[in-house]
Amino acid sequence: MKVIVDDRAVRLAEGASLLAAVREAGVELPSLCHDDRLSPAGSCRTCLVRSDGHVVAACVTPATENAVIEVTAGDLQQLRREAVELVVSALPPRALESGELAQVCRSLGITADEARGRGGRGRDDSHPYVRLDRDLCIACGRCVRMCADVQGTFALTLTGRGADTVVAPGTGGLWADSDCVACGGCVDTCPTGALTEPGLIGGRRTPGLTRTRTTCGYCGVGCSLEVLTSEGEVTAVLPDHEGPVNRGHACVKGRFAHGFLRSPERLTRPLLRRGGRLEPVDWDEALDHVARGMRAAMDDGGPDAVAAISSARATNEENYLIQKFMRVAIGTNNVDNCSRLCHAPSAAGLTASFGLSGGTDCFDDVEAADCLLLVGANPVEAHPVVGARLLQRVLRGARLVVADPRAVGLARHADVHLRPRPGTNVALFHGLAHVLLAEGLIDEEFLRVRAAGLAELTAVLEDYPPDRVSAITGVPAQDVIAAARLYGRAERPAIVYGLGVTEHLHGTDGVRTLANLAILRGAVGTGHGFGVNPLRGQNNVQGASDMGALPDLLPGYGKLTDPAARAGAEGVWGTTVPDRPGLRIPEMFAAARAGGLGALWIVGEDVCATDPDAMHVIQALEACPLVVCNELFLSETARRADVVLPVASWLEKDGTFVNFDRRFQRVRAALAPPAGVMTDFEVVHALAARLGVDLGCSTPAQALAECGRVAPLFAGLSHDRLDREGAIAWPCPDPDGPGEATLYRDRFATPDGLAHLSAAPYLPPGEQPDDSYPLILVTGRRWAHYNSGSMTRRTDNLRLDPVDRLDLHPADAARYGLRDGDLVRVESRHGRARLVARIGEDTVPGQVFCAFHFPSSGVNALTSDRADVVTSCPEYKVTAVRLARG
């Protein structure tokens, strides 16, 4: 579309506004009520232009072919100035000190003398991250629309009349007591400084700050962030408006939870255990001790007496180097990462169904679905930016089916909410598939040409009619039918799932039988739907596995048992790779308890807090002669280590992460680590050198390049390319070709090129309630914290969510004589924990829920060592418990 702006021709996409045309022409135009992330309002009248003879607000007026737009004419400039002067006249002079409004006033020659407001409306400084100065509010509504149109929390409103109109929490009262989830969107969009965060009064326009674009180191969404620093300190972390996944949005963790960097508890010197106590030593002494311990372990038990747990918090390049260290410097495949505890069943299940271990589609496509099937996930809290985008899609008309035992997050907006008993997923998915087949809601041509296993699945599904599925799962039969019809009749359905599918005794079967639904519908690899997509929990849990930090797989998922895959790695590394798969994390702990493990290196994981059956984990660490821990703080695991190595955080290192939909993105150091702290990358090299091994790839960029030589999936990726082009999805085998955001358009990556249906029967969970332990405990995450809380608990997030709580139904509270806020003792067959009761109807009678963000509560002393029969992923979602006061 061609448009003329002050005699200059510009071209625009269909549907663009006049404001977009003016910007494309390079002309400056104020727009105080406008934010590109929001629907236009046109309320401030500061962006007036003339279009085909009519004066209009540019932000709300669509451009048309060959439209002629006047911007710089004297009368238009005067109209805009008068509109801004009217806004300024009601404000105090300090409103023009910094921020977007101040910049507009400077461009128009408006001075503080024209700001004649007396103020007196007061402040609200109750919230740790959002400060309200009512005297600076111009009632533009941007904050209210950001909270509604982007975040979907609807926590804000405009209150008052006329000149007294001001933003306020929708619940009334203080901001800290409101429904605000501290995403920071209102602060980021405010043009006047009425809403600010501590330390950044002028917003992203504050001058004199160094700006670094990086990728968030919290959950697996992969939000792009702009880190503002001054004199070696983080001033603020802002959402990148060009971020491919977050699109200028963030959550409380990525946006505000950076205070841990300044924590006085930050480790800055290595610690070595002497006489039962950890004492500070220098790096040479610590690394020499580790090297001697590893040699001693190998002398006593061979290379397989050494094991390493790599980290989803580390970069791809660090994970690549760690697994190379274990295979080249030590000579063992005893390396694993925390995907073992969360999405190992996804990797196994998706590989068996489709051929590759990642989600099938790009989230941008998933967002275009007309029916979303969300299973075992609460993205509103665990993946807030994804949750917000999914909610906006639902509010725009997409149908939503949620399968989750709890009534939380998006379940409150669902057309159908299925609440299965924990551990009955496979029966539920078979029930949905039964209805799809019975009512002909399948793609017969797709199943004939591109799938295998239909006959076997059909035979199994005869045993799963809705009535029987209801008896197993507790889901009413009519709801099973309604959900299947919504998914089956959609033109573009998509499946999004989380740990509620994987963390079960039969988690891999759960993934595969969920994938059956997409295969039956022909909704994967066809453009008629958007497949099956796991929400990865940690920032780089996808990448840690991609890089080969697994006991049975090489970088790029080459099987150790495949001679060709081993030969490829050996050709690059110049040494022999052992062909026997190594130990998984639970097997490492078992080997340590049995005396078969002489050295265990734990990189960035607090296994005593996050792994199941915590007492058995602690026993393993106590039995192992050498435990080495890379950490930021003295975690529960570090307290039990023999050597603790202080390492850099995600804001202090260079490399890449892979997010939940397989996008490689750059990680850049916004500031240097504290004195005395190394990156994990540097630690691996230093330790290898002490063992007489040169690992090569001396920089993170070289490590990714070498990984691409080992793994064809990543051969087209490099730091330089990511710097130029931004996020790129794998597979990306060609440096000159695009990444493959949508998989399987031509064929599936299985040996026969077909999608494989699973006919696995439903089997009961590992734990069952009984008279002694009558309740089922489900564990998960809360919105303000991340994993064991080692970072978020050292920020003001602790003011937002200060304790571990146990959610229980009023009927169960009455049964145990509990009131809201009471201390409650939770006991399982494996251990006990103490939590604070929170009574409500998020859970059904007989089920309770808690998070694991506070290690002192002892939540993972409750969980069992039962694990997925295929991948050893723990059964976190089903633990039989009982309650008592105190």
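As a reminder, the structure under discussion sits directly above these lines.
The following paragraphs examine the structure supplied in this document. Here the structure is a predicted model, which means the values were calculated and not measured. (Residues numbered from 1 in each chain as written. Predicted model: local features only at pLDDT ≥ 70, side-chain atom pairs only at ≥ 80, totals over all residues. Heavy atoms only, no water.)

Moving on, we get to helix α26 (residues 700-710). Every buried residue of α26 is listed here: Pro700, Ala703, Leu704, Glu706, Cys707, Gly708 and Val710. In this structure, the buried side of α26 is in contact with α8 (316-330), α21 (563-573), β27 (655-658), β28 (663-667), α25 (680-690) and α27 (719-725). (Buried < 20%, exposed > 50% of the residue type's maximum accessible area, 1.4 Å probe, protein only. Helix = DSSP H or I, 4+ residues; strand = E, 2+ residues; numbered from the N terminus. Contact = heavy atoms within 4.5 Å.)

Reading across the sheet, the five strands line up as β2-β1-β5-β3-β4 and stay open at both edges, with mixed pairing between neighbours. Strand pairing shows two members of the sheet lacking a second neighbour, β2 (8-11) and β4 (54-57), which therefore form its edges. Sheet twist, expressed as the average angle between the axes of neighbouring strands with direction ignored, equals 35°. Pairing of strand β1 (residues 2-5) with strand β5 (residues 67-70), which is carried by three bridges, proceeds in the parallel orientation. Looking at the pairing, Val3 lines up with Ala67 of β5. Each of β3 (48-51), β4 and β5 touches helix α2 (residues 74-89); the most contacted strand, β3, lies at about 145° to it. (Pairing = 2+ DSSP bridges. Axes fitted to C-alpha atoms, helices over the stretch in contact; angles between N-to-C directions.)

The relative placement of two packed helices comes down to the angle between their axes together with the axis-to-axis distance. Closest axis-to-axis distance for the helix α13 (residues 425-438)/helix α16 (residues 466-473) pair is 9 Å, and the angle between their directions is 165°. Between α13 and α16, the interaxial angle falls into the category roughly antiparallel. Considering how the two elements wind past one another, α13 and α16 form a crossing that is left-handed. Touching Ala427, Leu428, Gly431, His434 and Val435 of α13 are Pro466, Val469, Ile472 and Thr473, all from α16. Class assignment for the residues of the contact of α13 with α16 results in six nonpolar, three polar and no charged. (Parallel < 35°, antiparallel > 145°, perpendicular 65-115°, else oblique. Left-handed = near helix turned anticlockwise from the far one by under 90°. Nonpolar A, V, L, I, M, F, W, Y, C, P; charged D, E, K, R; others polar.)

This part takes up the packing of aromatic side chains. Counted under the stated rule, the structure contains 13 aromatic pairs. A ring pair is formed by Phe325 and Trp601, whose centres lie 5.4 Å apart and whose planes are at 80°; its orientation type is edge-to-face. Of the two residues, Phe325 sits in helix α8 while Trp601 sits in strand β24 (residues 599-603), which places them 276 residues apart along the sequence. The exposure class assigned to Trp601 is buried, which follows from its relative accessible area of 1%. Ring geometry for Phe354 and Phe748: centres 5.8 Å apart, planes at 25°, overall stacked. One end of the pair, Phe354, is in helix α9 (residues 344-354); the other, Phe748, is in the loop between β29 (728-729) and β30 (755-756), and 394 residues separate them in sequence. Here a set of aromatic residues connected by ring pairs shows up, and it is made of Phe354, Phe446, Tyr744 and Phe748. The ring of Trp730 has Arg662 lying over it, and the distance from NZ or CZ to the ring centre is 5.7 Å. (Phe/Tyr/Trp six-rings, centres within 6.5 Å; stacked < 30°, edge-to-face > 60°. Lys NZ or Arg CZ within 6 Å of the ring centre and 35° of its normal.)

So, about the side chain of His506. Take His506: it is sitting in the loop between α18 (499-502) and α19 (507-521). A relative accessible area of 14% places His506 in the buried class. Ignoring any residue separated from it by four or fewer positions in sequence, one finds His506 in contact with Val426, Leu763, Pro764, Asp868 and Val869.

Among the five residues of strand β18 (residues 371-375), five are classified as buried, and the element is accordingly described as predominantly covered. Relative to strand β19 (residues 399-403), β18 runs parallel, the two sharing five bridges. Of the residues in β19, the one forming a bridge with Cys371 is Arg399. Note: β18 against strand β22 (residues 493-497), five bridges, orientation parallel. Following the sheet pairing, Leu374 is matched in β22 by Val496.

Our next topic: the side chain of Arg662. The residue Arg662 is located in the loop between β27 and β28 in this model. Asp361 is the oppositely charged side chain nearest to the buried, salt-bridge-free Arg662, at an N-O distance of 6.6 Å. Engagement of the side chain of Arg662 in a polar contact is seen with the backbone oxygen of Ala741, the distance being 2.6 Å. With residues near it in sequence (within four places) discarded, Arg662 still touches Gly358, Gly359, Thr360, Asp361, Ile728, Ala729, Trp730, Pro731, Glu740, Ala741, Thr742 and Leu743. (Lys, Arg positive; Asp, Glu negative; His and termini not counted. Salt bridge = Lys/Arg side-chain N within 4 Å of Asp/Glu carboxyl O. Polar contact = N/O pair within 3.5 Å; in protein donor to acceptor, adjacent residues only side chain to side chain.)

On to helix α7 (residues 283-301), then. The end-to-end C-alpha distance of α7 is 27 Å, a good match for the 27 Å that 19 residues give at a rise of 1.5 Å each. Those residues of α7 that sit buried are Trp283, Ala286, Leu287, Val290, Ala291, Gly293, Met294, Ala297 and Met298. Taken end-on, α7 shows its buried residues confined to a sector of 160°, consistent with a single buried face. Residues of α7 that are exposed and point more than 90 degrees away from the buried face comprise Arg292, Asp299 and Asp300. Buried-residue contacts for α7 involve β16 (306-309), α8, β24, β25 (626-631), β26 (643-646) and α25. N-cap assignment for α7: the residue whose side-chain oxygen lies 3.3 Å from the backbone N of Asp284 is Asp282. Within two residues after α7, Gly302 carries a phi angle of roughly 80°, on the positive side. (Expected span 1.5 Å × (residues − 1). Arc of directions from axis to C-beta.)

Moving on, we come to the sheet that holds strand β35 (residues 847-851). Spatial ordering of the closed barrel is given by β31-β35-β32-β34-β33-β36, a layout of six strands whose pairing is mixed. Averaged over neighbouring strand pairs, the angle between their axes works out to 45° when direction is ignored. With five bridges joining them, strand β33 (residues 823-828) and strand β34 (residues 832-839) adopt antiparallel strand pairing. Paired with Val826 across the bridge in β34 is Ala833.

In terms of nonpolar packing, the biggest core is built from 164 residues, with Met294, Phe325, Phe354 and Trp601 touching the most fellow members. Formed by 37 residues, the second largest nonpolar core is a distinct cluster that contains Leu101, Ala115, Leu132 and Val167. (Core = buried A, V, L, I, M, F, W, Y, C linked by side-chain atoms within 4.5 Å.)

When you line up the elements, Ala614 lands in helix α24 (residues 614-623). Taking relative accessible area as the criterion, Ala614 reaches 7% and is therefore assigned buried. Sequence separation between Ala614 and Thr863 is 249 residues; the distance between their C-alpha atoms is 7.9 Å. Beyond its immediate sequence surroundings of up to four residues, Ala614 is in contact with Cys608, Asn860 and Ala861.

Turning to the pairing of strand β9 (residues 166-169), a few remarks are in order. Every second residue of β9 is oriented toward a common face, with Val166 and Ala168 on one face and Val167 and Pro169 on the other, all of them buried. Note that strand β8 (residues 156-159) and β9 share four bridges and pair antiparallel. Residue Thr159 lies in a different strand from β9, and its bridge partner there is Val166. Connecting β8 to the antiparallel partner β9 that follows it, the hairpin turn spans six residues, and Gly160 within it adopts a positive phi of roughly 95°.

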